[in-house]
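Residue strings, one per chain:
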Amino acid sequence: MKKIALALSGGIDSSVCAYFLREQGYDVHCFTMRLFDDQELGFTGDSGCTGTIKKAKAVAEKLGLPFHIIDLRPEFKEKVLSVFLKKYQLGFTPNPCVDCNFQIKWGVFVQKLLEKGFSKVASGHYAQVVIKDGKHYIYKAKDDSKDQTYFFWRLLPNQLEKMFFPLAQMEKAKIKAIALELGLVESSKESQGVCFIENDYKELLCRLIGNYPGAVRLHGKKIGEHRGIAYYTIGQRRGLEIPYATPLYVKSKDAKSNSITVVEDRKQLESSVFYIKNVNFFVENFEKLKGLSVQTCYHTAPVPVTSVTALSKGYLVETQIPVNSIAPGQSAVFYNDDLLVGGGELG
């Protein structure tokens, strides 16, 4: 019987993974990460990390599988939470799930499991790993609506080798039905957003970094004040709280002057040329691939790429279709059909 570690959150996907692996004859050991202290981040009841551990333990017990907790609070605070807060203070719009996958889930968490003698780690992610010519590549999952490869662009080849995704060829609707039929979860409701944010990220920022008001400018003139650049994202319309005859949209943020620039026309938020830095690519000479596309936000579809030009510390990307609300700090992720080519941070 082959021993395998499973990252178990107690949600629909990882719970069904546990069941599948057990039924396939694996010696399954379930591991849940303790990432943060609930009270520190404003969680109440069982809505935070405590609740995750409780649900995961219940699933493991129901399936008769060994259950363990891996405490990664110091690592998570240093490598994900602190970075998240710092980037917001600098005027960026960070993507903590990308950092967490690289630094924590497929980083220190997997390393600790390797030290325990496991060679593969399974999870309920919707993605698939394919080996070609001895190299590991990530492809989109069968259910494109739930695909999570967008968050994997920072991973390294040695991390891909440890991945196992049992749900790669499954449809989400089928997974939900199985979970409810087996009684592994109480409802089909899924967790949404960033795991360490209970409601609104602005509430967390207010709790941890406070308010730093500054100028809101339109056409170079101050028209009001914001309550801190960390509380606004590029393209944001609601929440500016500035009386004006027409809707206003956040165009840019300047950390040095602690100011926000807004515009009246949404088209001014569109751009077909942008810069990326801190890149990581799985495919050599990726810029020469035909049919290359780029996705600049998890909730938007990839758009065709016209050209990619190498610069001294990054790339200049041109797209066939203008992209809306380019937010520095977010991820630009490249695909060739279903193949994850790599990505970088929007500059």
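A few points on the structure. The structure displayed is predicted, hence computed values, not measured ones. (Residues numbered from 1 in each chain as written. Predicted model: local features only at pLDDT ≥ 70, side-chain atom pairs only at ≥ 80, totals over all residues. Heavy atoms only, no water.)

A cluster of nonpolar side chains, Val273, Leu311 and Leu316, forms an exposed patch at the surface whose accessible area comes to about 220 Å². Positionally, Val273 belongs in strand β12 (residues 270–281). (Patch = residues over 30% accessible without salt bridge, like charges linked within 9 Å, V, L, I, M, F, W, Y side chains within 5 Å. Areas by Shrake-Rupley, 256 points an atom, 1.4 Å probe, with all protein chains shown as cover. Salt bridge = Lys/Arg side-chain N within 4 Å of Asp/Glu carboxyl O. Helix = DSSP H or I, 4+ residues; strand = E, 2+ residues; numbered from the N terminus.)

A separate point is the sheet that holds strand β10 (residues 249–254). Strand pairing within a sheet occurs via backbone hydrogen bonds; the two strands may be parallel or antiparallel. If you walk across this open sheet you meet the 4 strands as β9-β8-β11-β10, and the pairing is mixed. Looking at the sheet topology across the chains shown, the edges are occupied by β9 (221–226) and β10. On average, each strand axis in the sheet is tilted by 30° relative to the strand beside it, whichever way the strands run. Where strand β8 (residues 214–218) meets strand β11 (residues 259–263), 2 bridges bridge the pair, whose relative direction is parallel. Following the sheet pairing, Val216 is matched in β11 by Ile260. (Pairing = 2+ DSSP bridges. Axes fitted to C-alpha atoms, helices over the stretch in contact; angles between N-to-C directions.)

This model, assessed by the stated rule, comprises 12 salt bridges. With a shortest N-O distance of 2.8 Å, Glu23 and Arg22 are connected by a salt bridge. With relative accessibility at 47%, the residue Glu23 sits in the partly exposed group. By relative accessible area, Arg22 is classed as partly exposed at 31%. Its salt-bridge partner being Lys162, residue Glu161 comes within 4.0 Å of it at the nearest N-O pair. In this structure Lys162 comes out as buried when scored by relative accessible area, which is 18%. Because the salt bridges share partners, they merge into one network encompassing Lys87, Asp99, Arg154 and Glu345. (Buried < 20%, exposed > 50% of the residue type's maximum accessible area, 1.4 Å probe, protein only.)

In this section: the environment of Ile138. Among the structural elements, Ile138 can be located in strand β6 (residues 135–140). On the basis of relative accessible area, Ile138 is assigned to the buried category, the value being 0%. Put simply, Ile138 and Gln128 are 10 residues apart on the chain and 5.7 Å apart in space, counted from C-alpha to C-alpha. Setting aside its immediate chain neighbours within four residues, Ile138 contacts Ala127, Gln128, Thr149, Phe152, Leu155, Leu160, Met163, Asp338, Leu339 and Leu340. (Contact = heavy atoms within 4.5 Å.)

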